[in-house]
Amino acid sequence: MNIVLSGVKPTGIPTLGNYLGALKNFVKLQNEMTDYEFFIFIADLHAITIPQDPKELRANIRNLAALYLACGLNKERLTLFIQSEVSAHIEMGNVMQSLSYMGELERMTQFKDKMIKNPNGVTAALFTYPALMAADILLYDAKFVPVGDDQKQHLELTRDLANRFNNRFGDTFQVPEILLTKVGARIKDLQDPSKKMSKSDDSQSKGCIYLLDPLNVIKKKIKSAVTDSEAIVRYDVENKPGISNLMTIYSAITNLSFSEIEKKYEGKGYGDFKGDLAEIVAEEIGKVQEKYNQIINSKELDEILNQGRERATQIATRKIHKIYHKLGIGRF
Ligand code: TYM
């Protein structure tokens, strides 16, 4: 069985960055890779590595499940599940922690960034988070893991851990490969294009588009995105990061290349470009929201999650028993 696996943390409503870097890409890959099974999960154990309001978290988990389906994932070829409902993730996380060195976890840039921002607020679980992420992937012997650019380092660690285990205990894990989104792997904040668009930022932020923002708010955020004074639609990340980011969003949705977009807007200012982009994004997200509204309160959503939990538990439990046996623990 060939598996493609990925997950998203339910820490708030997913952003346009999550959509273009991950969700939309999952759908595209699912349509292209017809021989593969897709395992997509809600990484709620990862969410609690930073403080969460339980009521909001519960709602965000359900929202994310509905949004996955609303983006167009085909439920017939999908195992959709909630990470905390499959206890083998925690068990495997412990195995991966026992295999990881402090030094390699300390090198993770996401951890380092958080340490710089808030040194006293970093939990032990945030530190060991990449080991849990490796567990998520290796439990299912995923062959491909589609993620945005910011997860690359975690994927490299996962590959190292898989190889380390295989070398010590014999061939056990598929060594996974990263599948980066071609366009949209790193969507930037609309107000500060030097940083990535991130859902952990302030929910009122004008620089971040949330998938459940009202469409008029989405349009407004795009129209007020920071650009430069040259007023020429040209892709140049170094010197024109704002417009380049908007062009990336444009390209990821329409499939037009950067040079096609440049040609289309030759002689026109940023106003025309932003106006069109606002419509394009609102139309795309509008379709997702429409489906989301049909799914969010449906029984079907729970049925899909129940089936996902069963299938994931079956595979993951078998795998963790095999791993315990190889390690010499328990009586498996
Ligand atoms: P998370 O929840 O931070 O992000 C989910 C996915 O969205 C991508 N992404 C972006 N892509 C483009 N531009 C952006 N601005 C942007 N922001 C986020 C991320 O790269 C990711 O693909 N650790 C993971 C969740 C996870 C996971 C896993 C993923 C846990 N276990 C196993 C894959 C496999 C995370 O925090 O993603």
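Note that the structure is predicted; figures quoted are calculated from it, not measured. (Residues numbered from 1 in each chain as written. Predicted model: local features only at pLDDT ≥ 70, side-chain atom pairs only at ≥ 80, totals over all residues. Heavy atoms only, no water.)

With five of six residues buried, strand E1 (residues 3-8) is to be regarded as a mostly interior element. Judged from the six bridges that link them, E1 and strand E2 (residues 37-42) form a sheet pairing that is parallel. Each bridged residue has a counterpart across the sheet, and for Leu5 the counterpart in E2 is Phe39. For the crossover from E1 across helix H1 (residues 16-32) to E2, the handedness is right-handed. (Buried < 20%, exposed > 50% of the residue type's maximum accessible area, 1.4 Å probe, protein only. Helix = DSSP H or I, 4+ residues; strand = E, 2+ residues; numbered from the N terminus. Pairing = 2+ DSSP bridges. Right-handed = clockwise from strand over helix to strand, strands pointing away.)

Before going further, it helps to spend a moment on the domain arrangement of the protein. The domain boundaries assigned to the protein delineate domain 1 (3-181 + 298-327) and domain 2 (215-293). For domain 1 versus domain 2, the separation of C-alpha centres amounts to 30 Å. On the domain 2 side, the residues contacting the 10 residues of domain 1 number nine residues. Contact between domain 1 and domain 2 buries roughly 860 Å² in total, counting both sides, with carbon and sulfur atoms accounting for 72%. Linking domain 1 with domain 2 are one salt bridge, by the criterion used here. Note that Lys24 and Glu284 form a salt bridge whose closest N and O atoms lie 2.9 Å from each other. The interface formed by domain 1 and domain 2 holds three residue pairs in polar contact (both at pLDDT 80 or more) in total. Those elements that place two or more of their residues in the side of domain 1 that touches domain 2 are H1 and helix H3 (54-70). (Domains from an automatic or database assignment. Contact = heavy atoms within 4.5 Å. Buried area = accessible area lost by both parts, 1.4 Å probe. Salt bridge = Lys/Arg side-chain N within 4 Å of Asp/Glu carboxyl O. Polar contact = N/O pair within 3.5 Å; in protein donor to acceptor, adjacent residues only side chain to side chain.)

With that settled, the discussion passes to the environment of Ser100. As for its position among the elements, Ser100 is in the loop between helix H4 (88-99) and helix H5 (102-106). With a relative accessible area of 11%, Ser100 lands in the buried category. On a C-alpha basis, the gap between Ser100 and Thr158 in space is 9.7 Å, while along the polypeptide they are 58 residues apart. For Ser100, the contacting residues outside a window of four places in its chain are Leu105, Ala131, Leu161 and Arg164. Polar contacts involving the side chain of Ser100 include one to the main-chain carbonyl oxygen of Met96, which spans 2.6 Å.

Before going further, it helps to spend a moment on the nonpolar core. Nonpolar side chains tend to gather and get buried jointly when the protein is soluble and globular. Within the largest apolar cluster, 65 residues are counted, with the highest numbers of intra-cluster contacts made by Leu16, Tyr19, Tyr68, Ile249, Phe273 and Val281. Looking at this core element by element, the count peaks at 10 residues for helix H12 (residues 270-295). Looking at which domains feed residues into this core, each of domain 1 (3-181 + 298-327) and domain 2 (215-293) supplies at least three. Setting aside its immediate chain neighbours within four residues, Leu16 contacts Met197, Ile209, Leu211, Ile249, Val281 and Ile285. (Core = buried A, V, L, I, M, F, W, Y, C linked by side-chain atoms within 4.5 Å.)

Contacts to the ligand come from 27 residues, most closely from Lys9, Tyr129, Asp136, Asp150 and Ile187. Note that a nitrogen atom of the ligand is positioned 3.2 Å from one of the side-chain N or O atoms of Gln151. Contacts to the ligand include Lys199, whose side-chain N or O atom sits 2.9 Å from an oxygen atom. Considered on its own, the ligand offers 710 Å² of accessible surface; in the complex 98% of this is hidden by protein. Within the residue set of the shell around the ligand, elements represented by two or more residues are E1, H1, helix H7 (124-138) and strand E4 (144-147). Classifying every residue of the shell around the ligand by side-chain character gives 13 nonpolar, nine polar and five charged. (Near = heavy atom within 4 Å. Areas by Shrake-Rupley, 256 points an atom, 1.4 Å probe, with all protein chains shown as cover. Nonpolar A, V, L, I, M, F, W, Y, C, P; charged D, E, K, R; others polar.)

On to unusual backbone geometry, then. We note that Ala231 has phi near 55 degrees; this positive angle belongs to a residue other than glycine. Judged by its relative accessible area of 36%, Ala231 is partly exposed. For Asn255, which is not a glycine, the phi torsion comes out positive at approximately 70 degrees. Within the element layout of this structure, Asn255 appears in the loop between helix H10 (241-254) and helix H11 (258-264).

How two aromatic rings sit relative to each other is set out by the distance from centre to centre and by the angle between their planes. This model, assessed by the stated rule, comprises 13 aromatic pairs. Between the aromatic rings of Tyr250 and Phe273, the centroid separation amounts to 5.3 Å while the plane-to-plane angle is 15 degrees, which identifies the pairing as stacked. Note that Tyr250 is positioned in helix H10 and Phe273 in helix H12, a separation of 23 residues in sequence. There is no split in this pair, since Tyr250 and Phe273 are both buried. Considering the side-chain rings of Tyr265 and Phe273, the 5.2 Å spacing of their centres and the 85 degrees angle between planes classify their relative orientation as edge-to-face. Its relative accessible area of 1% is what places Tyr265 among the buried residues. Accessibility expressed as a relative area gives 0% for Phe273, which makes it buried. (Phe/Tyr/Trp six-rings, centres within 6.5 Å; stacked < 30°, edge-to-face > 60°.)

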